[in-house]
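Examining the three-dimensional arrangement
The primary structure of each chain is shown beneath.
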Amino acid sequence: MNASVQQSPGLRRPLAFAEMRVEDLDEVVAIEKSVYSHPWTHGNFVDSIQSGYQCWVLRDAGGVLLGYFFMMAALDEAHLLNISVHGDMHRRGIGKMMLDKVCILAHQQQMQSVLLEVRPSNTRAIEIYQRYGFAEIGRRRDYYPAADDKREEAIVMRLPL
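Residues numbered from 1 in each chain as written. Predicted model: local features only at pLDDT ≥ 70, side-chain atom pairs only at ≥ 80, totals over all residues. Heavy atoms only, no water.

Section: the environment of L159
One can find L159 in strand β8 (residues 151-160). Through-space distance from the C-alpha of L159 to that of S113 is 5.4 Å; in sequence the pair is 46 residues apart. (Helix = DSSP H or I, 4+ residues; strand = E, 2+ residues; numbered from the N terminus.)

Below is the structure:
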């Protein structure tokens, strides 16, 4: 297993990244369901791992799962498919730490940029991405499922590396 230990400014204990394993998925799915109105399914996560995407978890020294992300390489661009922080860990620098890891991995794979989609209603995530340096480059109509069988567009954001 490939792991790295880091320190978050918002937490006083060391944190460790590790490549995600199928054994992590029960915890990953629990966080996913707690933070999204339309979460990925267990099968979506399994497919991502089996497809060879960059799938990483971030845990504290006690082994508690704090967050995770999935990234796919496409030509010279990294596509951040999913990034999530445990609800109890918001506003502690975990999201930034995970974005740092995404950019490190993308750079190691000689990617030129990182692309992501985000719901316009997810204003907290948009603010984080903008502070990090992502800029809106377009919109995707009817991209996300929404309440009452409706759809929500996606804001497409890009970060040059």
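Notes on unusual backbone geometry
Of note, the phi angle at D142 is positive, near 50 degrees, even though the residue is not glycine. By the element assignment, D142 lies in strand β7 (residues 135-145). In this structure, D148 takes a positive phi of about 60 degrees despite not being glycine. Assignment of secondary structure puts D148 in the loop between β7 and β8. A relative accessible area of 69% means that D148 is categorised as exposed. (Buried < 20%, exposed > 50% of the residue type's maximum accessible area, 1.4 Å probe, protein only.)

Thoughts on the packing of helix α3 (residues 94-108) against helix α4 (residues 123-132)
At their nearest, the axes of α3 and α4 sit 11 Å apart, and the two run at 55 degrees to each other. Put simply, α3 runs oblique to α4. Once α3 is placed against α4, the crossing between them reads as right-handed. Counted together, K96, L99, D100 and C103 of α3 and I128, Y129 and Y132 of α4 form the full contact between these two elements. Residue classes in the contact of α3 with α4 are distributed as five nonpolar, no polar and two charged. (Axes fitted to C-alpha atoms, helices over the stretch in contact; angles between N-to-C directions. Parallel < 35°, antiparallel > 145°, perpendicular 65-115°, else oblique. Left-handed = near helix turned anticlockwise from the far one by under 90°. Contact = heavy atoms within 4.5 Å. Nonpolar A, V, L, I, M, F, W, Y, C, P; charged D, E, K, R; others polar.)

Focus on the pattern of salt bridges
Summed over all chains, the structure comprises 11 salt bridges. D24 is paired through a salt bridge with R21; the nearest N and O atoms lie 3.8 Å apart. The shortest N-O distance in the salt bridge between R140 and E117 comes to 3.1 Å. Here R140 is found in strand β7, whereas its partner E117 is found in strand β6 (residues 113-118), with 23 residues between them in sequence. Among the residues examined, R140 registers a relative accessible area of 32% and is labelled partly exposed. (Salt bridge = Lys/Arg side-chain N within 4 Å of Asp/Glu carboxyl O.)

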